[in-house]
Amino acid sequence: MFDRHAQILLRPALNAVARRLVRAGISADALTWLGFAIGMAAAVAIALQAWWWGLALLLASRLLDGLDGSVARLTQPTDAGGFLDIALDFVFYAAIPLAFAVANPATNALPAAALLASFIGTGSSFLAFAALAEKRGLTDTALPGKSFFFLGGLTEATETITVFAVMCVWPEYFALLAYGFAGLCAVTTGMRVGWGYMRLQARTRS
């Protein structure tokens, strides 16, 4: 819901840093891998209940996730890089709820499972439409320059990272936050399935 606004707000700063990285010869793929590695370190920290380390590493990981796209657009975006970015992002998003479940299985396992199940809905509807949009030649006017057609919704990357951060600050409320966000993800899945179906139906008729 807020991804487009967050990107507009952060783009000048990200582009300024990205230009320095390009001059230093650092590639977008290298940033993607580094961001993923730091994201996995964040999951380990959370599993060990090192909440503030988990928060710091999580935010650093997502900063690199924003920078890799900026660097790619300043150089030469590739399909391989776009694939790598989205594939590793989905692993990261799954690892954080799992880490909270490991940290406190008795309290967090079931809400973490509910949250991961809701991510299956948002992720599958997103990727299925992106694949068919590419086949049909549909373009994303809301978030141009992306490797995939990004279907919107109530729970996009900005909202997910915000909730993960709040979970690190107040881990005792993980279950409540996980169930609440899973509900919003379910709404997003319904919106994406409905909108995507209608969009593809309209495209077929035309």
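Every value quoted in this text rests on a predicted model; they were computed, and no experiment measured them.

Caption draft 1: Molecular detail of the overall build of the protein chain. Across its full length, the protein chain carries seven helices and zero strands. Each helix and strand of the protein chain, ordered N terminal to C terminal, gives the series α-α-α-α-α-α-α. When each of the 206 residues of the protein chain is scored for burial, the buried share is 41%. Within the structure as shown, the protein chain displays about 11,000 Å² of accessible surface, and the carbon and sulfur contribution to it stands at 69%.

Caption draft 2: Local environment of the pattern of salt bridges. The full count for this structure, using the stated rule, is two salt bridges. Residues D89 and R62 are paired through a salt bridge, measuring 3.1 Å at the closest nitrogen-oxygen approach. Placement of D89 in helix α4 (residues 79-103) and of R62 in helix α3 (residues 51-74) is noted, with a sequence separation of 27 residues between them. There is no split in this pair, since D89 and R62 are both buried. Three or more residues joined by partner-sharing salt bridges are found here, namely R62, D65 and D89.

Caption draft 3: Quick peek at empty space enclosed by the protein. As enumerated under the stated definition, the model contains one cavity of 30 Å³ or more in all. Lining the largest cavity we find L31, T32, G35, F36, S61, R62, L64, D65, D68, D85, L88 and D89. For the lining of the largest cavity, the elements supplying multiple residues, two or more each, are α2 (28-47), α3 and α4. Sorting elements by how many residues they give to the lining of the largest cavity places α3 first, with five residues. Residue composition of the lining of the largest cavity, by class: four nonpolar, three polar and five charged.

Caption draft 4: Focus on the packing of aromatic side chains. Here the structure, examined in full by the defined rule, presents nine aromatic pairs. A ring pair is formed by Y93 and F164, whose centres lie 6.3 Å apart and whose planes are at 45 degrees; its orientation type is tilted. Taken together, the residues span a long stretch of sequence, with Y93 in helix α4 and F164 in helix α6 (residues 157-169) at a distance of 71 residues. What links up through ring pairs into an aromatic cluster is the set F92, Y93, F119 and F164. The positively charged end of R62 is found above the aromatic ring belonging to F92, 3.9 Å away from the centroid. When the ring centre of Y93 is taken as origin, the NZ or CZ atom of R62, which lies over that ring, is 5.8 Å away.

Caption draft 5: Layout of unusual backbone geometry. In the Ramachandran plot, Q49 falls in the positive-phi region, its phi being about 65 degrees despite a non-glycine side chain. Along the chain, the position of Q49 falls in the loop between α2 and α3.

Caption draft 6: Layout of the packing of α4 against α6. Where α4 meets α6, the axes come as close as 12 Å, and the angle between the chain directions of the two elements is 20 degrees. Comparing the axis directions of α4 and α6 gives the class roughly parallel. Every pair of crossing elements has a handedness; the one defined by α4 and α6 is left-handed. Here F92, Y93, I96, P97 and F100 of α4 lie close against α6, whose contacting residues are A157, T160, I161, F164, M167 and C168.

Caption draft 7: Structural context of the packing of α2 against α4. At a closest axis distance of 8 Å, the pairing of α2 and α4 adopts a crossing angle of 5 degrees. Regarding the angle of α2 to α4, the classification is roughly parallel. Taken together, the residues of α4 that come into contact with α2 (itself represented by D29, T32, W33, F36, G39, M40, A43, I46 and A47) are G81, L84, D85, L88, V91, F92, A95, I96, A99, F100, V102 and A103. For the contact of α2 with α4, a count of residues per class yields 16 nonpolar, three polar and two charged.

Caption draft 8: Summary view of the nonpolar core. Formed by 28 residues in total, the largest nonpolar core has its most connected members in L58, I96, F100, F164 and M167. Of all the secondary-structure elements, those providing two or more residues to this core are α2, α3, α4, α5 (105-136), α6 and α7 (174-205). The element best represented in this core is α4, accounting for eight residues. Core analysis: the next-biggest nonpolar cluster, separate from the first, contains ten residues, A18, L21, A28 and L64 among them.

About the cut-offs
- Residues numbered from 1 in each chain as written.
- Predicted model: local features only at pLDDT ≥ 70, side-chain atom pairs only at ≥ 80, totals over all residues.
- Heavy atoms only, no water.
- Helix = DSSP H or I, 4+ residues; strand = E, 2+ residues; numbered from the N terminus.
- Buried < 20%, exposed > 50% of the residue type's maximum accessible area, 1.4 Å probe, protein only.
- Areas by Shrake-Rupley, 256 points an atom, 1.4 Å probe, with all protein chains shown as cover.
- Salt bridge = Lys/Arg side-chain N within 4 Å of Asp/Glu carboxyl O.
- 1 Å grid on protein atoms, 1.4 Å probe; cavity = no way out; pocket = protein on both sides within 12 Å on 5 of 7 lines; lining within 4 Å.
- Points joined across faces, edges and corners; volume = space filled by probe spheres on them.
- Nonpolar A, V, L, I, M, F, W, Y, C, P; charged D, E, K, R; others polar.
- Phe/Tyr/Trp six-rings, centres within 6.5 Å; stacked < 30°, edge-to-face > 60°.
- Lys NZ or Arg CZ within 6 Å of the ring centre and 35° of its normal.
- Axes fitted to C-alpha atoms, helices over the stretch in contact; angles between N-to-C directions.
- Parallel < 35°, antiparallel > 145°, perpendicular 65-115°, else oblique.
- Left-handed = near helix turned anticlockwise from the far one by under 90°.
- Contact = heavy atoms within 4.5 Å.
- Core = buried A, V, L, I, M, F, W, Y, C linked by side-chain atoms within 4.5 Å.

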